[in-house]
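# Structure at a glance
So the chains spell out like this:
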Amino acid sequence: SSGINAEYGGVVKRLNKELQMYEKEVTDGESKVQAMKDDNKDPYDIKKMEEVVAESRAMVPDTRNSLRKAGEDLDILLEDNANEGLEEYKAAREIRDLVTV
């Protein structure tokens, strides 16, 4: 079961990275849209940028839910203290402690 710990730890780490990426895309995109409006850029270009931001924004809740579920699965695995001495367990524990959803 130690491989499972490493696998779930990797999933949690990947989903956390994805969530941060989407949140950053939304923030950066919103700033870019505002700058485009301030600079009186072409309305078509502004609309296209707003669509890109909307796509990233739409990914945030799904990714957050997936991360929450993966975190819960990892918590269940980490409750099995029989694996505590294994490197995979320690790595998974460190990942879990860093990620809060």
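As the structure is a prediction and not an experimental result, all values here were calculated from the model. (Residues numbered from 1 in each chain as written. Predicted model: local features only at pLDDT ≥ 70, side-chain atom pairs only at ≥ 80, totals over all residues. Heavy atoms only, no water.)

### Topic: the overall build of the protein
Each helix and strand in the protein was counted, giving three helices and zero strands. If you list the helices and strands of the protein from N to C, you get α-α-α. In terms of overall dimensions, the protein has a C-alpha envelope of 60 × 15 × 15 Å along the principal axes. Here the protein holds 101 residues, and 28% of them are scored as buried. The long-range share in the protein, meaning contacts at least 24 apart out of those at least 6 apart in sequence, stands at 70%. For the protein, the exposed surface amounts to about 6,700 Å²; the carbon and sulfur share of it is 51%. In the protein, which carries 16 positive and 24 negative side-chain charges, the distance between the mean positions of the two groups comes to 3 Å. (Helix = DSSP H or I, 4+ residues; strand = E, 2+ residues; numbered from the N terminus. Buried < 20%, exposed > 50% of the residue type's maximum accessible area, 1.4 Å probe, protein only. Contact = heavy atoms within 4.5 Å. Areas by Shrake-Rupley, 256 points an atom, 1.4 Å probe, with all protein chains shown as cover. Lys, Arg positive; Asp, Glu negative; His and termini not counted. Charge placed at Lys NZ, Arg CZ, Asp CG, Glu CD.)

### Some remarks on the pattern of salt bridges
What the rule picks out here adds up to nine salt bridges. Residue Lys47 pairs with Glu51 through a salt bridge whose shortest N-O separation is 3.2 Å. Linking Lys47 with Glu51, this pair stays in helix α2 (residues 43-78), spanning four residues, or about one helical turn. Look at Lys47 and you get partly exposed, because its relative accessible area is 49%. Here the salt bridges do not stand alone but share partners, grouping Lys47, Lys48 and Glu51 into one network. (Salt bridge = Lys/Arg side-chain N within 4 Å of Asp/Glu carboxyl O.)

### Considering α2
Here α2 spans 52 Å end to end across 36 residues, near enough to the 52 Å set by a 1.5 Å rise per residue. Approximately 25 degrees is the largest bend angle found in α2, and it occurs at Val60, with the proline Pro61 only one to four residues beyond. Among all positions of α2, only Ile46, Met49, Val53, Ser56, Val60, Thr63, Leu67, Ala70, Gly71, Leu74 and Leu78 are buried. The N-cap residue of α2 is Asp42: its side-chain oxygen and the backbone nitrogen of Tyr44 are 2.7 Å apart. (Expected span 1.5 Å × (residues − 1). Bend = angle between axes of the 7 residues up to and from the residue. Polar contact = N/O pair within 3.5 Å; in protein donor to acceptor, adjacent residues only side chain to side chain.)

### A closer look at the nonpolar core
Among the nonpolar cores identified, the biggest contains 13 residues, and Val12, Leu67, Leu74, Leu78 and Val99 are the most heavily contacted of them. Contributions of two or more residues to this core are made by α1 (2-38), α2 and α3 (87-98). Per-element accounting of this core gives the leading share, five residues, to α2. The next biggest cluster of nonpolar side chains, apart from the first, holds six residues, and it includes Met36, Ile46, Met49 and Val53. (Core = buried A, V, L, I, M, F, W, Y, C linked by side-chain atoms within 4.5 Å.)

### Overview of the packing of α2 against α3
Interaxial distance between α2 and α3 falls to 11 Å at its minimum, and their mutual angle equals 140 degrees. Classified by the interaxial angle, the pair formed by α2 and α3 is oblique. Viewed along their axes, α2 and α3 form a crossing whose handedness is left-handed. Facing α2, whose interface residues are Gly71, Leu74, Asp75 and Leu78, α3 presents Tyr89, Ala92, Arg93 and Arg96. Residues belonging to the contact of α2 with α3 are distributed by class as follows: four nonpolar, one polar and three charged. (Axes fitted to C-alpha atoms, helices over the stretch in contact; angles between N-to-C directions. Parallel < 35°, antiparallel > 145°, perpendicular 65-115°, else oblique. Left-handed = near helix turned anticlockwise from the far one by under 90°. Nonpolar A, V, L, I, M, F, W, Y, C, P; charged D, E, K, R; others polar.)

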